[in-house]
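As a plain string of letters, each chain reads:
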Amino acid sequence: MTARFLFFAVVTLVIGTLAVSMFDDHDRSDLHRDRASQSAERVTAATVEPTFVGKAVCGECHQDNFQLHQNSGHAQTFHAANQDNIVQHFAGKTADAGTPHGFYTYVSGPDGLQVFRRRTADASDGDVDDETFQYALGSGQNAITLINLDSKTDGDPVLLEHRVSWFRSHGGFGLTPGHLHHVPEEKRELFGELFEGRPLQQCVWCHTTSGEVIGDEVKDLIANVNCEKCHGPGSEHVRQARQSDTPPPYSVGKADWDFESELQLCGNCHRLPRHVDPKDIRDYIPMMLRFQPIGLVRSACYLESEGQMMCSTCHDPHAHFTSKTQQQYIDDCVGCHQPDNDHHTVCSVSTSEGCIDCHMPAMKVEQGMVFHDHWIRVRPEN
Ligand code: HEC
Ligand code: HEC
Ligand code: HEC
Ligand code: HEC
Ligand code: HEC
Ligand code: HEC
Ligand code: HEC
């Protein structure tokens, strides 16, 4: 099992009605449900079921958030594998996948990236088979992993996750997280690991705005984590906003939207305690570093702030996290931890600098990927 699949997000199924071209964002009429859309629905239930309009429409009125989002990781979570920005990392290169998998060479083709497999690094070794990967997941900020969808003889979909991924940390290939101890059970698994059912649907759910895998296709695919993944389908809001400058609350503006709603929203994908083995949380194994909400909810800052601490206390959910300076993050800490605030203690070591390095340091996980420990605390090494 890939470690990712030990974690279960709430998967809401998408019942598609339109066959729309893959990366086209417009004219949607899906019935996608998530938390935000459910609350949007309560308001508009008497009128019309909201449907997806696509982020370009949101951008007409919310230009700032649109621009910020364009440069964020969320706008680049799901790609066609033969897009230029993916191909540049793979095409013409060779990866050593270990025994018995062998060596992979990559060639861009009309349906994706074609992977040729040999037993040895020697190109004249004729023993080649190949597999085409249609999609590439991840922005490349950390990594890019190839996947391929197929249907079995009974029509059920099956997903092949490639054994090798591209990692920014070493600018080249390494084993995909979870694959180190994977033993191929059938010939195709010499290219990676096969998944079916819930883990397969979740892989697509967390990286897209809408899309249900049926057979070897993603139905009603809207790639990437766009506006409407977080805010819910926007057709009703757009209709109301075209009639009035003060449309009724839609998602985050609603009365029942609070810090816990936000934590649930982000945690659906970034993981919450309910997604992981309680033992792993207790031991706080290194993998927990990748799951920021899990760290945050055990921090005194979160537990003792009476609903004032959430992801957006420090992050603009529309912007890339590197668009803020270190000093701006420190200002977030000092916003609460300041001498003239009776509710907060002040650090005896420093009241103005170095907070992140000491209390939520960047730490390496597998393949040199770096994450900040969101369990904010006085650490043993402090
Ligand atoms: C539908 C799933 C999903 C939801 C919901 C989601 N994220 Fe993400 N998030 C992702 C994925 C996938 C990536 C990885 C992007 C990449 O490969 O760089 C990511 C990356 C990030 C990053 C790092 C990249 C960047 O652009 O800064 C931050 C920070 C982040 N998310 C914060 C949040 C916050 C805050 C929320 C809630 C308001 C949230 N996310 C909700 C899936 C999600
Ligand atoms: C529960 C939701 C969820 C599932 C399921 C999921 N991902 Fe992700 N994925 C995320 C989030 C959130 C991030 C951002 C992690 C971060 O940067 O903090 C991410 C990041 C990534 C990245 C960027 C590198 C990294 O690890 O940061 C790749 C590549 C990736 N996922 C591939 C996959 C593949 C392939 C599958 C399925 C076979 C999958 N993911 C399943 C939520 C998910
Ligand atoms: C990862 C989840 C996520 C995505 C993607 C996202 N938003 Fe948001 N958005 C939020 C959250 C959470 C808030 C409330 C917290 C805040 O205002 O920072 C918010 C607030 C807003 C607000 C009100 C506050 C403000 O900043 O003006 C607007 C308008 C908005 N979003 C529009 C958009 C648009 C347009 C897009 C797409 C281009 C988008 N959002 C994409 C999560 C998201
Ligand atoms: C015709 C212009 C228009 C379009 C198109 C539009 N909005 Fe808005 N939106 C507004 C106005 C006006 C407000 C209220 C004032 C404000 O907060 O800026 C608003 C408020 C919001 C808010 C904050 C208040 C709340 O109820 O949550 C969010 C979030 C939001 N819009 C998201 C979106 C998203 C997502 C889209 C695309 C699906 C979108 N908007 C499309 C005009 C528009
Ligand atoms: C929303 C307000 C808020 C923000 C923002 C905030 N904290 Fe806290 N933090 C608290 C509260 C409340 C406590 C518990 C009471 C206290 O010690 O002040 C706390 C406790 C702590 C503790 C003691 C932890 C323990 O286990 O005893 C440390 C260390 C800390 N915060 C560091 C930080 C750092 C570093 C940042 C910025 C990355 C930060 N805080 C941001 C509210 C906040
Ligand atoms: C007290 C401030 C604070 C809060 C609250 C916070 N973060 Fe962060 N986060 C940071 C800092 C600081 C960084 C590193 C920024 C840098 O060095 O550029 C970071 C980085 C990240 C990254 C990039 C990968 C990593 O771990 O380095 C992701 C993804 C992320 N945060 C998600 C979240 C999510 C989801 C939440 C809510 C559950 C959240 N954060 C709440 C301060 C915070
Ligand atoms: C060089 C490392 C270092 C830096 C930089 C640093 N701290 Fe600390 N911090 C510590 C240590 C060590 C303790 C425990 C001190 C003690 O027990 O007397 C601590 C304690 C704290 C506490 C708990 C205080 C208490 O009495 O319970 C808070 C809150 C805190 N730091 C916040 C911050 C903030 C905010 C910043 C940035 C302005 C910061 N720290 C910078 C090392 C550091």
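The structure displayed is predicted, hence computed values, not measured ones. (Residues numbered from 1 in each chain as written. Chains lettered and ligands numbered in written order. Predicted model: local features only at pLDDT ≥ 70, side-chain atom pairs only at ≥ 80, totals over all residues. Heavy atoms only, no water.)

Asks: Looking at this structure, I do not really get unusual backbone geometry. What am I missing?
Replies: Negative phi is the rule for most residues except glycine; trans is the rule for most peptide bonds. Cis peptide bonds are those with omega within 30 degrees of zero, and the linkage from T99 to P100 qualifies with 5 degrees. Along the polypeptide, P100 turns up in the loop between strand 2 (94–96) and strand 3 (103–109). Positive phi, close to 55 degrees, is recorded for D220, a residue that is not glycine. Among the structural elements, D220 can be located in strand 13 (residues 217–223). Not every positive phi belongs to a glycine, and R271 is a case in point at roughly 85 degrees. Structurally, R271 is set in the loop between helix 8 (259–270) and helix 9 (278–283). (Helix = DSSP H or I, 4+ residues; strand = E, 2+ residues; numbered from the N terminus.)

Asks: Explanation requested: the coordination of the iron atom of ligand 1 in the structure shown.
Replies: Ideal geometry at a metal centre: 109.5 degrees between donors when four sit tetrahedrally, and 90 or 180 degrees when six sit octahedrally. Those protein atoms acting as donors to the iron atom of ligand 1 are H74 (NE2) and H270 (NE2), and they sit at 2.0 Å. In this structure, the iron atom of ligand 1 is surrounded by 6 donor atoms whose angles at the metal cover 86 to 179 degrees, and the resulting shape is octahedral. Taken together, the residues H74 in the loop between helix 3 (63–70) and strand 1 (78–80) and H270 in helix 8 connect sequence positions 196 residues apart. Residue classification places H74 among the partly exposed residues on the basis of a relative accessible area of 30%. (Donors = N, O, S within 2.8 Å, 3.2 Å for Na, K, Ca; no water. Tetrahedral: all angles 85-135°; square planar, octahedral: opposite > 155°, others 65-115°. Buried < 20%, exposed > 50% of the residue type's maximum accessible area, 1.4 Å probe, protein only.)

Asks: Help me out: how do you make sense of the pairing of strand 13 in this one?
Replies: Two faces, one strand: in a regular strand the side chains alternate between the faces of the sheet. Burial analysis of strand 13 places 5 of its 7 residues in the buried class, which makes it a mostly covered element. In this sheet, strand 13 lies alongside strand 12 (residues 208–214) in antiparallel orientation, the contact comprising 5 bridges. Bridge pairing links E212 to K219 in strand 13. In textbook terms, the turn of a hairpin is the stretch between consecutive antiparallel strands, and for strand 12 and strand 13 this stretch comprises 2 residues, one of which, G215, has a positive phi near 60 degrees. (Pairing = 2+ DSSP bridges.)

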